[in-house]
Amino acid sequence: MSAPGRAVLALSGGVGGAKLALGLAQECAAGQLHVVANTGDDFRHLGLYISPDIDTLLYTLSGRANQSLGWGLAAETWHTMEALQELGGDTWFRLGDRDLATHLWRSQQLAMGRELGEVTADLARRLGVQTRVFPMSDDPIATTVHTPEGLLPFQHYFVRYQCQPVVTGFSFAGIESARPNAELMAVLGGGAYAAIVVCPSNPFVSVDPILQVPGLWQALRDQPAPVILVSPIVAGRALKGPAAKMMTELGHGASALEVARFYHQRYPGLVDYFVIDSSDATLAPAIGELDMDVAITCTVMHSAADKRALARFCLALGEG
Ligand code: FO1
């Protein structure tokens, strides 16, 4: 763990982003990593408020994540889902018995009138997580997937239909009137971060909703700290999830260069360093023409050591 220093901010979706967030948390001094999480995946299901990316982050950072599933809790059992199936209830979105406690607790806290940010901070404390996890907004934002057959709520696209429908675009219901999380904006207002790391999360449905919250991307661009983006695409394939499939269907072609083009066009001046995998080194000259510096390392994270090594690489860019 590094010496106490200035805080680092990471932007993250779920599984892929949480891996680097864990490496960063281990490489930063205690409590010096802050994470802003995508909440566009959040939805109400079986009467409960589910916040998948926040939970994946908190479970990963507290050492409770289910490694084989990539989501939910380790040592999980599924008796409630089995009983629900017998009743003919909805079981396409699987809530484990232990994981259910999180959703019950959060839903109860929100029903009492508490804000999502406050409830998330409380949950992190109860799970022993020292990293501060901010929802991108306390206001409801719902990612909607556009397909030739019509609109699909995100979890229906992702889980129920296993990402099979062709995508033609995305929208984020509620985002125009959403406010960025106030605590996050207060820290950004102080210009205190040493580095801002965009984890290798899906550009369209994990990072874009965060950056689309009114005022957020401009506040990040205007920070004195460098913004370091880690490519979610390596050798034309997504590190995790449907990012490469989405890029192809949207007509971009799946490559780290196309990821760089996406951010360059949509968020000009935001990215200072674009971290690509060694296997994509030949793309560096073309990416370098997009107003960002290219940094090359191994970005594939299989082991705990890989996560920490990539985190150290990003933090060194921040210092440099
Ligand atoms: N992902 C699945 O593929 N199938 C599930 O049944 C499922 C349940 C689930 C329950 C709670 C939770 O926090 C996450 C869950 N996920 C499930 C993962 C999640 O929906 C996605 O990984 C993210 O939304 C994408 O980042």
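Computed from a predicted structure; not experimentally measured.

## Regarding the overall build of the chain
Line of reasoning, step 1. Per the secondary structure count, the chain includes 13 helices and 14 strands.
Line of reasoning, step 2. By the compact-globule yardstick of 20 Å for 320 residues, the chain fits well, its C-alpha radius of gyration being 19 Å.
Line of reasoning, step 3. If you line up the chain on its principal axes, its C-alpha atoms span 60 × 45 × 40 Å.
Line of reasoning, step 4. With 320 residues in all, the chain has 56% of them scored as buried.
Line of reasoning, step 5. Counting only contacts in the chain whose residues sit at least 6 apart along the sequence, the fraction spanning at least 24 positions is 69%.
Line of reasoning, step 6. Of the roughly 13500 Å² that the chain leaves accessible, carbon and sulfur atoms contribute 53%.
Line of reasoning, step 7. Across the chain, 22 positive and 31 negative side-chain charges occur, with their mean positions spaced 5 Å apart.

## A word on the sheet that holds strand β7 (residues 150-153)
Line of reasoning, step 1. With respect to topology, 3 strands assemble into an open sheet ordered β7-β6-β8, the strand pairing being antiparallel. The open sheet terminates on both sides in strands that have one partner only, identified here as β7 and β8 (169-173). Adjacent strand axes in the sheet meet at a mean angle of 30 degrees when their direction is disregarded.
Line of reasoning, step 2. Note: strand β6 (residues 142-147) against β8, 5 bridges, orientation antiparallel. Looking across to β8, one finds that T144 is bridged to S171.
Line of reasoning, step 3. Of the strands in this sheet, β6 and β8 are in contact with helix α8 (residues 203-212), which crosses β8 at around 45 degrees.

## What to know about the nonpolar core
Line of reasoning, step 1. L9, L11, Y193, L211, Y263 and F274 are the most contacted members of the largest nonpolar core, which has 56 residues in total.
Line of reasoning, step 2. Considering every element that reaches this core, the biggest residue donor is helix α11 (residues 256-266), with 6 residues.
Line of reasoning, step 3. Every residue in contact with Y263, bar those within four places of it in the chain, is listed here: V198, P203, V207, L211, L229, P268 and V271.
Line of reasoning, step 4. Core analysis: the next-biggest nonpolar cluster, separate from the first, contains 43 residues, Y49, L61, L116 and C314 among them.

## Considering the pattern of salt bridges
Line of reasoning, step 1. Counting across every chain of the model gives 13 salt bridges.
Line of reasoning, step 2. Between D55 and R106 there is a salt bridge, with its nearest N and O atoms 2.5 Å apart. Highlighted residues: D55 in helix α2 (residues 52-61) and R106 in helix α4 (residues 97-111), separated in sequence by 51 residues. The burial state of D55 is the same as that of R106; both residues are buried.
Line of reasoning, step 3. Of the charged contacts in the structure, one is a salt bridge between D122 and R126, with a shortest N-O distance of 2.8 Å. Of this pair, D122 and R126 are both found in helix α5 (residues 116-126), 4 residues apart, which corresponds to roughly one turn of the helix.

Reading the values: rules and limits
- Residues numbered from 1 in each chain as written.
- Predicted model: local features only at pLDDT ≥ 70, side-chain atom pairs only at ≥ 80, totals over all residues.
- Heavy atoms only, no water.
- Helix = DSSP H or I, 4+ residues; strand = E, 2+ residues; numbered from the N terminus.
- Rg over C-alpha atoms; globule rule 2.2 N^0.38 Å.
- Buried < 20%, exposed > 50% of the residue type's maximum accessible area, 1.4 Å probe, protein only.
- Contact = heavy atoms within 4.5 Å.
- Areas by Shrake-Rupley, 256 points an atom, 1.4 Å probe, with all protein chains shown as cover.
- Lys, Arg positive; Asp, Glu negative; His and termini not counted.
- Charge placed at Lys NZ, Arg CZ, Asp CG, Glu CD.
- Pairing = 2+ DSSP bridges.
- Axes fitted to C-alpha atoms, helices over the stretch in contact; angles between N-to-C directions.
- Core = buried A, V, L, I, M, F, W, Y, C linked by side-chain atoms within 4.5 Å.
- Salt bridge = Lys/Arg side-chain N within 4 Å of Asp/Glu carboxyl O.

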